[in-house]
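Chain residues, written in single-letter form:
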Amino acid sequence: MMDDRDVFQINQPLSYQVGHAHPRKPVIIGLYGLPGSGKTFWLEELKTVIRGDEFAFYDGSGAISAVTPGGLEGFQNLTKEAKTEYRQQAIARIKRECCHTRKTAIVGGHFMFWPEEDEKGDSVCTPADLATYTHILYLDPPAELIAEYRLNDAKRIRPTASTSHLAKWKQTEKNELRDICRHHDILFAPIYPTLESVSSLICDFHHHTDTYNMDLAKQKMDEILGEYSALETVIVMDADKTLSQEDSGVLFWRKQVGAASTAGKDNGPLKSLFGGPLGYSYTSFRQATLLCEEAASDEEFEACCQDVSSMVDMHLDIVSVLQLVRETRHVRAVVVTCGIRSVWEKVLEREGLSETVKVIGGGRVADGLVITPSVKAELINYLQTTRHLHVIAFGDSPLDLAMLQAADQAVVVTGEESTRSKSMEKQLAEVIGKNGFQPCQVLLPLHAKPRLDTTRLPLVRLTDQQFINPVMARHESQSLRVLHATERSSAKLLMTPMRDASVSGPALREAHRRVGCYLGTELCTRIIGLESYPTQHVQGHKTDSYRLLDEKKTLIVPLMRGGEPMAFGVNDAFPLAMFHHARLPTDLQHNHLKDMVTIILVDSVVNSGKSVLAFVHHIRSLHGTIRIVVVAGVIHSQTVSTSKTAREFGRVRELSFVALRLSDNQFTGRGTTDTGNRLFNTVHLP
């Protein structure tokens, strides 16, 4: 028969399956608690349970004795200032040893001493302690049990202390440590000590790092998506206030407020935590998990999650989208939440979606990971770059912004004005248009007031086919729309003078003008469309004539200077269009785009695509829905197919390319070979 020590050694946490790198500084765990709470006992017990050469155990008094002349007896005779100095030397020595050995240290120590006759306790925590500890595990048995331990301890004679004083002392230590740890990036965990609870937490502290956490999140994503060989598109959704109007974390802590009253202030433990010095860091989310552990046992936690899930109603439009996903093999949906995994699994199960929509999240140490804003964004990048998938992201708050910016398509869920994130609007306004980020917004519920304005943040309806069709389409139909005439006979004739080194100046400009008119007439009309209007026929009756759709609401922009001659040709094809020169993206302002439906950017050659991309990003920052058509004589094929720039272009809605020909030859002209110099007879200029 195995005792619980054997069980612990065999049943290592599932998360050990993921490799990890050591953090930059060694893991040093303070084992704190009142004198008599069992620190020495648990240090000895842990030595028999946590085997191997990855841990080092230190009794705080022994460490101080080792660096103090005269040992502990000499230490007791020192001044308070001298004692502080030797305490700092002791912890510094432990840190040096662990830096050298790369072991995780477990150090038994004291936070304060408090004789009952004194009005307040005397803290012995030093600045060196706070700069060294990465975790503090606080032994938290009831005061009555501590009193019994102290009374029955045959090895040490301690001053008498009433149970009420021990309770006050213990609560003071926990309150002060909780606050101090948050100001020094230290994880703090009060725990009722058992062999399993103490050893399992120490092992978790030993291996869990930010890097490990990220690796585990990717592993979980792979486990979810691994079975879908035909997968092309993944919808990644935040949970709280995205899938529903409710915040399950707020509901959870309302139910747990009695049990967790010591874990936070009146405004709630999570608000106090994330509003404090740790912000929304990896450490902060790990601390939130420890708060859940502190507030409820596993059984209580699951019961509370069940109650909370019954209070959460998913938005019907989102349920409709997820039901459509359920019927496909090439589209999957994954919920990635900074909140409580168990709640959302129960909500999805109630909606009949749990078989196809999985949840990546935490809430308990046993979950193995925490979801931070950076984890959300990195998962998007992982899906795109490693698994080569198209990613659509849904989110509602600043915690989702990095994820939304990384996605191929971003949907901002806009809820009731009274309950949605107050800071999201400002942060959205700052990032829209940067690096091609152009999200849309969905109002849930439908009567919610839109964020920003619907020009910068266009409205969509999740149940409209206009939204559904691209989401559910096969991947091939999601590529950039590129029309070119490379193999046409007419194109071969038109491109000849453009490639002839003997043609320059007015003759070359005329050749570019003819190409512009051809591309406008032949290809731009296929993308933009035509509209009819009545004219007088030569035979005397009315007849239908045709022009570009919304031609009067079309802006032609030559990218100066090489794009001007070709742009004049496009203008020949569309004479009612507005014409505006631009050397830099900022040459286009709001007033140029006002009331426009289409903007045609014209350049002679698109090589790397970086200059065009800068214009596209700028236009999208000014107008979220205007159709953009890029017209060029030559476009390098990879720029609109397989390059990083092509992926950036692919994230922009309503963007198309028109070219006389695509070329596999990426060549940047200089001097006599530069198209602009040839067009304007300036080949002699450097």
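Residues numbered from 1 in each chain as written. Predicted model: local features only at pLDDT ≥ 70, side-chain atom pairs only at ≥ 80, totals over all residues. Heavy atoms only, no water.

Caption draft 1: Highlighting the pattern of salt bridges. Tallied over the entire structure, the rule returns 28 salt bridges. With its nearest N and O atoms 2.6 Å apart, the salt bridge here joins Asp 367 to Arg 341. A residue pair is termed long-range when its members are at least 10 positions apart, and Asp 367 in the loop between strand E10 (357-362) and helix H17 (373-385) and Arg 341 in helix H16 (residues 341-350) qualify at 26 residues. Connected through shared salt-bridge partners, Asp 140, Lys 170 and Lys 174 make up one network. (Salt bridge = Lys/Arg side-chain N within 4 Å of Asp/Glu carboxyl O. Helix = DSSP H or I, 4+ residues; strand = E, 2+ residues; numbered from the N terminus.)

Caption draft 2: Geometry of the sheet that holds strand E3 (residues 104-108). Across the sheet, which stays open at both edges, the five strands sit in the order E2-E3-E1-E6-E7 with parallel pairing between neighbours. Every interior strand has two partners, whereas the edge strands, strand E2 (55-59) and strand E7 (187-191), have only one. Put simply, the sheet's adjacent strands are angled 20° from each other on average, direction ignored. Bridge analysis of strand E1 (residues 28-32) against E3 gives four bridges, and the strand direction is parallel. Note that in E3 the partner of Leu 31 across the bridge is Gly 108. Along the sheet face, helix H9 (residues 195-207) touches E1, E2, E3, strand E6 (135-139) and E7 and points at about 175° away from the line of E6. (Pairing = 2+ DSSP bridges. Axes fitted to C-alpha atoms, helices over the stretch in contact; angles between N-to-C directions. Contact = heavy atoms within 4.5 Å.)

Caption draft 3: Here's a closer look at unusual backbone geometry. Backbone torsion omega between Leu 444 and Pro 445 reads 5°, so that peptide bond is classified as cis. Topologically, Pro 445 is positioned in the loop between strand E13 (440-443) and helix H20 (465-472). In this model, Met 560 is joined to Arg 561 through a cis peptide bond whose omega is 5°. Along the chain, the position of Arg 561 falls in the loop between strand E17 (554-558) and helix H23 (564-573). Of note, His 388 is a non-glycine position whose phi angle comes to about 55°, a positive value. Locating His 388 in the fold gives a position in the loop between H17 and strand E11 (390-395). If you check the backbone angles, Leu 452 has positive phi at about 50° while not being a glycine. Its location among the elements puts Leu 452 in the loop between E13 and H20.

Caption draft 4: Examining the side chain of Thr 126 more closely. For Thr 126, the position within the fold is in the loop between strand E5 (122-123) and helix H6 (127-132). For Thr 126, a relative accessible area of 2% gives the class buried. (Buried < 20%, exposed > 50% of the residue type's maximum accessible area, 1.4 Å probe, protein only.)

Caption draft 5: Expanded view of the pairing of strand E15 (residues 530-536). As defined by bridge partners, E15 adjoins strand E16 (residues 542-548) across seven bridges and the pair is classed as antiparallel. When the sheet's bridge partners are listed, Thr 535 is paired in E16 with Thr 543. A loop of five residues connects E15 with E16, the two strands running antiparallel in sequence, and Gly 540 in this loop sits at a positive phi of about 105°.

Caption draft 6: Broad picture of the nonpolar core. Among the nonpolar cores identified, the biggest contains 52 residues, and Ile 235, Phe 252, Met 314 and Phe 394 are the most heavily contacted of them. Top contributing element to this core by residue count: helix H13 (residues 282-295), with six residues. Leaving out residues up to four positions away in the same chain, Ile 235 has contacts with Val 321, Val 325, Val 331, Arg 332, Ala 333, Val 334, Ile 392, Phe 394 and Val 471. Formed by 37 residues, the second largest nonpolar core is a distinct cluster that contains Leu 389, Ala 393, Ala 410 and Leu 457. (Core = buried A, V, L, I, M, F, W, Y, C linked by side-chain atoms within 4.5 Å.)

Caption draft 7: Inspection of empty space enclosed by the protein at higher detail. In total, this model carries three cavities of 30 Å³ or more according to the counting rule given. By volume, the largest cavity is sized at about 80 Å³. Every residue lining the largest cavity is listed: Lys 241, Ser 244, Gln 245, His 315, Asp 396, Val 413, Gly 415, Glu 416, Thr 419, Arg 420, Leu 444 and Arg 451. (1 Å grid on protein atoms, 1.4 Å probe; cavity = no way out; pocket = protein on both sides within 12 Å on 5 of 7 lines; lining within 4 Å. Points joined across faces, edges and corners; volume = space filled by probe spheres on them.)

Caption draft 8: How the structure looks around the confidence of the model for the chain. On average, residues of the chain score 88 in pLDDT, and 91% of them reach the 70 mark or higher. Note on residues 258-267: pLDDT under 50 across the span, and 15 contacts to partners over four residues away in sequence or across chains. (pLDDT = per-residue confidence, 0-100.)

Caption draft 9: A look at the packing of aromatic side chains. All chains considered together, the criterion is met by eleven aromatic pairs. A ring pair is formed by Phe 274 and Tyr 280, whose centres lie 5.0 Å apart and whose planes are at 10°; its orientation type is stacked. In this structure Phe 274 comes out as buried when scored by relative accessible area, which is 14%. With a relative accessible area of 45%, Tyr 280 lands in the partly exposed category. Three or more aromatic residues joined by ring pairs form one cluster here, namely Phe 252, Trp 253 and Phe 301. Directly above the ring of Phe 301 sits Arg 364, whose terminal nitrogen or CZ lies 4.6 Å from the centroid. (Phe/Tyr/Trp six-rings, centres within 6.5 Å; stacked < 30°, edge-to-face > 60°. Lys NZ or Arg CZ within 6 Å of the ring centre and 35° of its normal.)

Caption draft 10: Here's a closer look at helix H11 (residues 248-255). Regarding H11, the residues found buried are Ser 248, Gly 249, Leu 251, Phe 252 and Trp 253. Looking at the buried side of H11, the elements it contacts are helix H12 (269-274), H13, helix H14 (298-309), strand E9 (331-340) and H16. Its side-chain oxygen 2.9 Å from the backbone nitrogen of Gly 249, Asp 247 forms the N-cap of H11. (Polar contact = N/O pair within 3.5 Å; in protein donor to acceptor, adjacent residues only side chain to side chain.)

Caption draft 11: Spotlight on the packing of helix H21 (residues 489-499) against helix H22 (residues 505-528). Viewed as axis vectors pointing N to C, H21 and H22 meet at an angle of 155°, and their least axial separation amounts to 8 Å. As the angle between them shows, H21 and H22 are arranged roughly antiparallel. Two packed elements cross with a definite hand, and for H21 against H22 that hand is left-handed. Here Ser 490, Leu 494, Pro 497 and Met 498 of H21 come into contact with H22, specifically with Leu 508, Ala 511, His 512, Arg 514, Val 515 and Tyr 518. Of the residues belonging to the contact of H21 with H22, the class tally is seven nonpolar, two polar and one charged. (Parallel < 35°, antiparallel > 145°, perpendicular 65-115°, else oblique. Left-handed = near helix turned anticlockwise from the far one by under 90°. Nonpolar A, V, L, I, M, F, W, Y, C, P; charged D, E, K, R; others polar.)

Caption draft 12: Representation of the environment of Arg 583 in the model. Note that Arg 583 resides in the loop between strand E18 (578-579) and helix H24 (590-593). Taking relative accessible area as the criterion, Arg 583 reaches 58% and is therefore assigned exposed. Apart from residues no more than four positions distant in its own chain, Arg 583 is found in contact with Met 560 and Phe 615.

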